[in-house]
Amino acid sequence: MLFLSSDWKWTGPSEPMLLLQAALRERGHRVDLACAEAPGGAGGGLAREARARGLGPHLALERGRGIRPLRDRRDARLLAEWIARESIEVVHTWHSRDHGLALAARARCAAELAVVRSLPAAKLPSLAAPWNRWLFGPGCDGLVCVGQKNAERLQAVRGARPLASTRGVVDAERFSNAERFGGAANAFRSGSPRIGIVARVQAHRRFDLLVDAFALLAAREQRVKLVVIGRGTRMRELLEVPVRRRGLEARVEFMGYRREDYREVLARLDVSTLLVPGSDGSCRAVLEAAAAGIPCVVTRREPLPEIVLDRATGLVVEEDPEALAAAWSR
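Asker: Can you walk me through the overall build of the protein in this structure?
Answerer: Scanning the protein for helices and strands turns up 13 helices and 13 strands. Against the compact-globule benchmark of 20 Å for 330 residues, the protein has a radius of gyration of 21 Å, which places it among compact chains. If you line up the protein on its principal axes, its C-alpha atoms span 70 × 40 × 35 Å. Across the protein, the fraction of contacts at a sequence separation of at least 24, relative to all contacts at a separation of at least 6, is 69%. For the protein, the accessible area works out to roughly 15,800 Å², and carbon and sulfur atoms hold 50% of it. Side chains of the protein give 52 positive and 39 negative charges; the mean places of these two sets differ by 3 Å.

See the structure below:
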C-alpha cells in the first residue's frame, strides 16, 4: 500500500494519516509514504515528522496544488515506476493533486491498482460540479469521508461503489495518561476555571462568537479564564484587539502553537470548546480533549454533533453568545 500526500505542511489531517499508517503496519501490512519535502527554511513538515516516527517518506514528490497533468508528468512517472517495482496494490490519497497523480500513474503502468480517496474536511467540495461528481464517483475505487451526514450526501455520486465514513483518530493513550494537575504549562494561575480552544485563528472559525460569549461569562464569573491554543496571521485583528477592547487582557491566555508540551497544556483545561471545524474535519482537538477526560462545548456545525454526545460527553449549543456562555458555565 502507498499513502500519497502532496501537501508538505504538518496540517490537521497529517497526524491521523501517520497514525493510520503506523496502525496498518502493526497489523502486518506494508505501507509506504510518498510526500513533498518542506521548502528550505520552512522548518518542520510532514516529511520530517514521518521520519521521526520511522514512517518514511519513501518517495519525494514536487510541491504543488491542483490537478495539472503537464506540470505533474515527472511525479506521475516516478509513481508509476514505484508502483510497478514495489508491487503496490492500493494507493490512498488525501488531496486532489494526489488523486490526479494516482490516476495518471495507474494509466502508465499495467499493474492492478486500487485508488482510494479520503475527504478529511468537514465541508465537501461542490457535488454540483461535473468534475467533482466524476472524481468522487467513478474516479476512485474507494472513498472515505468524515461524518455520516457527508457519507449520505456522497451516496448519490458513489452508487454501489465502496463508501465509508469515519470519526477520526487520535492517540488516545497519550492523552488519557496526561497529568491533569501538573506539567510544563506554568502560565496558568491556580484556582481559576479554564475554558480552552485549540484552533487556528481564522475569521470563519467564529472567534467573534468566542470573544462575545466569554465577555458575558467573565462579567458573571470573576475567576474564569479563556485559554487560546493556536496561532494565525490575523491573531491581532480577530482576537487581541477585541479582547483588549473589552478589557479582558488579564482574563485571556494566548498560548500560541504548542508542540512538546501540548498534552500538558491541554490537560490544564476544565472545558474545551470548538465552534467551527478546520481543515481536519474529524475535529482532532475535540477528540484529544475527550481522550484526556475534558468535557467539550461545541456548536451544531457538522460533524461536531456526531462527536460530542449532548448532555453526556459535553454540550451542543446554538451559535449564540448567551447560549455558549451558559453552556460553559454549566
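Asker: Would you take a moment to explain the side chain of Asn150 for this structure?
Answerer: You can see Asn150 is positioned in helix α6 (residues 148-158). Ignoring any residue separated from it by four or fewer positions in sequence, one finds Asn150 in contact with Ala121, Ala122, Leu124 and Cys145.

Asker: Help me understand the layout of surface pockets, please; the structure alone is not making it clear to me.
Answerer: Rolling a probe over the atoms, with the probe sized like a water molecule, indicates the empty space that remains. By volume, the second largest pocket amounts to about 330 Å³. Across the lining of the second largest pocket, the residue classes tally to 13 nonpolar, five polar and one charged.

Asker: Please explain the sheet that holds strand β11 (residues 271-274) as it appears in this structure.
Answerer: Strand pairing in a sheet relies on backbone hydrogen bonds, with the paired strands running either antiparallel or parallel. Here we have six strands laid out as an open sheet, ordered β10-β9-β8-β11-β12-β13, and parallel in their pairing. Because the sheet does not close on itself, it has two edges, and the strands there are β10 (252-256) and β13 (314-317). Across this sheet, the average inter-strand angle for adjacent strands is 20°, counted without regard to direction. Direction of pairing for strand β12 (residues 296-299) relative to β13: parallel, over a ladder of four bridges. Each bridged residue has a counterpart across the sheet, and for Val298 the counterpart in β13 is Val316. On the sheet, helix α9 (residues 235-245) packs against β9 (225-229) and β10 and is oriented at approximately 155° with respect to β10.

Asker: What am I meant to see in the pattern of salt bridges here?
Answerer: Opposite charge on two side chains allows them to pair when their charged atoms are near. Counted according to the given criterion, the structure contains 28 salt bridges. As a salt-bridge pair, Glu15 and Arg284 come within 2.7 Å of each other at their nearest N and O atoms. Of this pair, Glu15 sits in helix α1 (residues 14-26) while Arg284 sits in helix α11 (residues 284-291), and the two are 269 residues apart along the sequence. Here Glu15 matches Arg284 in class, with each residue buried. Here the residues in one salt-bridge network are Glu15, Glu49, Arg53, Arg259, Asp280, Arg284 and Glu288, joined through shared partners.

Asker: What's the story with the nonpolar core in this structure? I'm lost.
Answerer: One recurring pattern in soluble globular proteins: nonpolar side chains tend to sit buried together. Counting 55 residues, the largest nonpolar core has Val286 and Trp328 as its most contacted members. Sequence-distant contacts of Val286, that is, excluding residues within four places in its chain, are made with Leu274, Cys296, Val298, Leu304, Ile307 and Val308. With 30 residues, the next largest nonpolar core counts Leu2, Ile88, Val91 and Val157 among its residues.

Asker: Would you mind going over a nonpolar patch on the surface with me for this structure?
Answerer: A contiguous nonpolar patch, built from Ile67, Trp131 and Trp134 and spanning about 300 Å² of accessible area, is present on the exposed surface. Inspection of the secondary structure assignment puts Ile67 in the loop between β3 (59-61) and α3 (73-86). The exposure class assigned to Ile67 is partly exposed, which follows from its relative accessible area of 32%.

Asker: Would you explain the environment of Glu306 in this entry?
Answerer: Note that Glu306 resides in helix α12 (residues 304-307). Accessibility expressed as a relative area gives 18% for Glu306, which makes it buried. Taking the C-alpha atoms as reference points, Glu306 and Arg133, 173 residues apart in sequence, are found 25 Å from one another. In terms of polar contacts, Glu306 uses its side chain to reach the backbone amide nitrogen of Lys149, at 3.3 Å.

Asker: What's the story with the environment of Glu288 in this structure? I'm lost.
Answerer: Among the secondary structure elements, Glu288 is positioned in helix α11. Taking C-alpha positions, Glu288 is 30 Å from Arg244, a pair spaced 44 residues apart along the chain. If we ignore the near neighbours within four places in the chain, the residues touching Glu288 are Glu15, Val170, Phe175, Tyr262 and Leu266. Reaching out from Glu288, the side chain makes a polar contact with the side chain of Tyr262 at a distance of 2.7 Å.

Asker: Could you clarify how one ought to interpret the pairing of strand β8 (residues 194-198) in this entry?
Answerer: Moving residue by residue along a regular strand, the side chains alternate between the two faces of the sheet. With five of its five residues buried, β8 lies for the most part within the structure. Side chains of β8 alternate between two faces, with Arg194, Gly196 and Val198 and Ile195 and Ile197 buried alike. Regarding topology, helix α8 (residues 207-220) serves as the crossover connection from β8 to the parallel β9, and that connection is right-handed. Across three bridges, the pairing between β8 and β11 is parallel. What sits directly across from Ile195, in β11, is Val271.

Asker: Please clarify how the sheet that holds strand β6 (residues 142-146) should be interpreted in this entry.
Answerer: Pairing is parallel in the open sheet, where seven strands are placed in the order β3-β2-β1-β4-β5-β6-β7. The strands lining the two open edges of the sheet, one partner per strand, are β3 and β7 (163-166). Strand-to-strand twist of the sheet, defined as the mean angle between neighbouring strand axes without regard to direction, takes the value 20°. With four bridges connecting them, strand β1 (residues 2-5) and strand β2 (residues 32-36) associate as parallel partners. Paired with Ser5 across the two strands is Cys35, which belongs to β2. Relative to the sheet, helix α4 (residues 96-108) contacts β1, β3, β4 (90-93) and β5 (114-119), its axis offset from that of β5 by approximately 175°. Packing against the sheet, α6 makes contact with β5, β6 and β7, and its axis sits at approximately 150° to β6.

Rules behind the numbers
- Residues numbered from 1 in each chain as written.
- Predicted model: local features only at pLDDT ≥ 70, side-chain atom pairs only at ≥ 80, totals over all residues.
- Heavy atoms only, no water.
- Helix = DSSP H or I, 4+ residues; strand = E, 2+ residues; numbered from the N terminus.
- Rg over C-alpha atoms; globule rule 2.2 N^0.38 Å.
- Contact = heavy atoms within 4.5 Å.
- Areas by Shrake-Rupley, 256 points an atom, 1.4 Å probe, with all protein chains shown as cover.
- Lys, Arg positive; Asp, Glu negative; His and termini not counted.
- Charge placed at Lys NZ, Arg CZ, Asp CG, Glu CD.
- 1 Å grid on protein atoms, 1.4 Å probe; cavity = no way out; pocket = protein on both sides within 12 Å on 5 of 7 lines; lining within 4 Å.
- Points joined across faces, edges and corners; volume = space filled by probe spheres on them.
- Nonpolar A, V, L, I, M, F, W, Y, C, P; charged D, E, K, R; others polar.
- Pairing = 2+ DSSP bridges.
- Axes fitted to C-alpha atoms, helices over the stretch in contact; angles between N-to-C directions.
- Salt bridge = Lys/Arg side-chain N within 4 Å of Asp/Glu carboxyl O.
- Buried < 20%, exposed > 50% of the residue type's maximum accessible area, 1.4 Å probe, protein only.
- Core = buried A, V, L, I, M, F, W, Y, C linked by side-chain atoms within 4.5 Å.
- Patch = residues over 30% accessible without salt bridge, like charges linked within 9 Å, V, L, I, M, F, W, Y side chains within 5 Å.
- Polar contact = N/O pair within 3.5 Å; in protein donor to acceptor, adjacent residues only side chain to side chain.
- Right-handed = clockwise from strand over helix to strand, strands pointing away.

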